[in-house]
Amino acid sequence: INLAAGSGNFTTFAPDPPVPISTGLEAPHPETFTSWDKIEISRKTKEMSVEELVNYVEKSFGVTVDRIFLHGDTEDKAIYNALDKKKLEWDITFDENGKATVSDGVF
């Protein structure tokens, strides 16, 4: 006889509260942020480019956006990476012998 089974045997799940991370921002901006928090953006149009999103977040919160990930994506692939944007500033040239010369920060 299993005495543990019955109407008094309830299984409950109470997740731990999220760990707040200090943002380093001052009010009225959020001073802490958790994995449960979200930012809602209200605009006249429902679409915006990734560049517009990055500019909006940086201007609104006074922060620098390093990466943006697609919601619900199971892979660790960023749809925006600030390092990739810096690569657009690289200068790579070839001399008459075919030797490559690169700007600082490439290697």
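**Q** What's the story with the confidence of the model for the chain in this structure? I'm lost.
**A** Low-confidence regions, as indicated by low pLDDT, have predicted coordinates that should not be scrutinised in detail. For the chain, per-residue confidence averages 82 on the pLDDT scale, and 87% of positions sit at 70 or higher. By mean pLDDT, the top-scoring element of the chain is strand S1 (residues 21-22) (92), and the lowest-scoring one is helix H2 (residues 82-87) (84).

**Q** Is there a simple way to explain the nonpolar core in this structure?
**A** Within soluble globular proteins, side chains that are nonpolar tend to cluster in buried spots. In this structure, Leu-25, Val-54, Val-57, Phe-61, Val-65, Ile-68 and Tyr-80 together form the largest nonpolar core, which totals 7 residues. Contact partners of Tyr-80, with chain neighbours within four places excluded, come to Val-50, Val-54, Val-65, Asp-66, Arg-67, Ile-68 and Lys-85.

**Q** Explanation requested: the pattern of salt bridges in the structure shown.
**A** Proximity of charged atoms lets side chains of opposite charge pair with each other. Scanning the model with the defined rule gives 2 salt bridges in all. As a salt-bridge pair, Glu-40 and Lys-38 come within 3.4 Å of each other at their nearest N and O atoms. The same class applies to Glu-40 and to Lys-38, which are both exposed. Ionic pairing is found between Asp-84 and Lys-87, a salt bridge with its closest N-O pair at 3.4 Å. Linking Asp-84 with Lys-87, this pair stays in helix H2, spanning 3 residues, or about one helical turn. Assessed through its relative accessible area of 43%, Lys-87 is described here as partly exposed.

Parameters at a glance
- Residues numbered from 1 in each chain as written.
- Predicted model: local features only at pLDDT ≥ 70, side-chain atom pairs only at ≥ 80, totals over all residues.
- Heavy atoms only, no water.
- pLDDT = per-residue confidence, 0-100.
- Helix = DSSP H or I, 4+ residues; strand = E, 2+ residues; numbered from the N terminus.
- Core = buried A, V, L, I, M, F, W, Y, C linked by side-chain atoms within 4.5 Å.
- Buried < 20%, exposed > 50% of the residue type's maximum accessible area, 1.4 Å probe, protein only.
- Contact = heavy atoms within 4.5 Å.
- Salt bridge = Lys/Arg side-chain N within 4 Å of Asp/Glu carboxyl O.

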